[in-house]
Structures are given as structure tokens and as C-alpha cells.
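Reading the structure
One-letter residues, chain by chain:
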Amino acid sequence: MRFFVLTMITALCLGCVAQPKPEAALFQRIGGAPMLTRISNQTLDIVSKDPRTSRSFEGVKMKTLKESLSNFLCVKTGGACVYEGETMKKSHADLHITTAEFEVMVDVLRERLDANGVGTKEKNELLKILAPMKRDVVSN
Ligand code: HEM
């Protein structure tokens with residue numbers, strides 16, 4: 001009987017230990033606000049100078065845009081930030097972004113995520129969140 005009780009207690013304890021921990025939000029796993037700020041800044045620095053995409057950024061206040069993009073990505077990945085900008089449709093409507101320009105931006109973002117050591121799983125999760133936004137950003 002004592003053996004049975006001991007076995008049951010051991011099994012219950014192991015059960016507690018083996019409980020899978022809920023996965024942290026993508027925001028945390030990606031490296032939090034510092035990483036999202038770095039990724040946003042670097043991506044925007046590159047696409048605003050790349051001749052394939054630079055035309056849309058002429059006259060745009062890059063500091064404000066960088067902060068806005070960083071907050072947007074924070075919210076979309078589950079971070080506790082506040083995004084006060086426009087919807088994707090509204091903020092890109094007048095820019096007439098093409099599919100080719102959208103793809104350059106995604107390529108640069110992917111490359112920056114790699115360069116900053118973001119894991120493949122996290123990188124793909126973020127790209128999957130952004131992919132459906134193409135229909136709101138692109139208007140050609
Ligand atoms: C999934 C892809 C994209 C996301 C998530 C995104 C996100 C954003 C965000 C959050 C803003 C700020 C809106 C605001 O503060 O009201 C913004 C504005 C802007 N985006 Fe994008 N964007 C994307 C694709 C692109 C592409 C492909 C281009 C150009 C090649 C682009 C060019 C701009 C420009 C120029 C602005 C500033 C507009 C202004 O201040 O009038 N975006 N975007």
C-alpha cells in the first residue's frame with residue numbers, strides 16, 4: 001500500500017513538472033522592443049535609400065515613421081505597446097505601392113531578421129503576420 005501511495009505521489013509530481021510551459025508571445029521571443037526597434041530602423045534605412053523603393057520615402061519624417069513601424073510590429077507580435085498610426089490601407093493609399101516594391105521590403109526585412117540573429121521560427125511567424133497586409137499596402 002505504502003509503495004502504491006509513493007508511486008502515485010511520484011507520478012503526480014512528475015505530471016506537474018512535465019506540464020508544457022505556455023509559449024511566450026512572439027514579441028518576447030523575437031527580442032522585445034529593442035529588437036523590433038532595431039529591425040524597423042535598419043529596414044527603413046535600407047528601403048528609403050534603395051532605388052527600387054526610395055521614391056515613396058521622399059519628404060517622409062523617417063524618425064516618426066521608424067517609431068510608428070516599431071510600435072506597429074510590437075502590437076502585432078503581442079507586445080504591450082500603443083500604435084496610434086493609421087490603418088495599413090489608409091497610410092499607403094496615396095503611395096500606390098507596387099507588388100515589386102512590397103517584395104523588396106519583405107526581402108530586406110527577412111535579411112535584417114537573419115542578420116540580427118532572430119530565429120527561423122520567429123522570423124517566419126512575423127512574415128506570416130505581415131503577408132496578408134499586402135492586399136492593403138499594394139494598390140497597383
Ligand atoms: C507589410 C508591409 C508593410 C508594413 C507592415 C508597413 C507599415 C507601415 C506603418 C506602421 C506605417 C505608419 C503609418 C502611420 O504612422 O500612420 C507605414 C507608413 C509608410 N509606409 Fe509602410 N508598411 C509596409 C509596406 C510598405 C512598403 C512596401 C513601402 C514602400 C516601398 C512602404 C512605405 C511607407 C511610407 C512611405 C510610409 C509613410 C507614409 C506617410 O507618412 O505619409 N510601406 N507603413
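Residues numbered from 1 in each chain as written. Predicted model: local features only at pLDDT ≥ 70, side-chain atom pairs only at ≥ 80, totals over all residues. Heavy atoms only, no water.

Going by the annotation in an unreviewed UniProt entry, the name recorded for the chain is Group 1 truncated hemoglobin, with Methylophilus medardicus given as the source organism. Turning to the chain, the UniProt annotation filed under Cofactor (unreviewed entry) states: "heme". (UniProt positions renumbered as here; feature names shortened; annotations may be inferred.)

Considering the coordination of the iron atom of the ligand
Exactly one protein atom donates to the iron atom of the ligand; that atom is H92 (NE2), 2.0 Å from the metal. Mapped onto the elements of the fold, H92 is located in helix α5 (residues 88-92). (Donors = N, O, S within 2.8 Å, 3.2 Å for Na, K, Ca; no water. Helix = DSSP H or I, 4+ residues; strand = E, 2+ residues; numbered from the N terminus.)

Describing the site of the ligand
The full set close to the ligand counts 20 residues, and S56, S68, E86, H92 and I97 are the nearest of them. In the environment of the ligand, an oxygen atom lies 2.6 Å from a nitrogen or oxygen atom belonging to the side chain of S68. Here an oxygen atom of the ligand sits 2.8 Å away from a polar atom, N or O, in the main chain of E86. Breaking the shell around the ligand down by element, the ones donating at least two residues are α4 (62-76), α5 and α6 (99-115). With four residues, the single largest contributor to the shell around the ligand is α4. (Near = heavy atom within 4 Å. Polar contact = N/O pair within 3.5 Å; in protein donor to acceptor, adjacent residues only side chain to side chain.)

Remarks on helix α3 (residues 32-47)
The end-to-end C-alpha distance of α3 is 23 Å, a good match for the 22 Å that 16 residues give at a rise of 1.5 Å each. By the burial criterion, the buried members of α3 are G32, M35, L36, I39, S40, T43, L44 and V47. Looking straight down α3, one finds its buried side chains confined to an arc of 150 degrees; they lie on one side. Those residues of α3 that are buried are in contact with α2 (26-30), α4 and α6. (Expected span 1.5 Å × (residues − 1). Buried < 20%, exposed > 50% of the residue type's maximum accessible area, 1.4 Å probe, protein only. Arc of directions from axis to C-beta. Contact = heavy atoms within 4.5 Å.)

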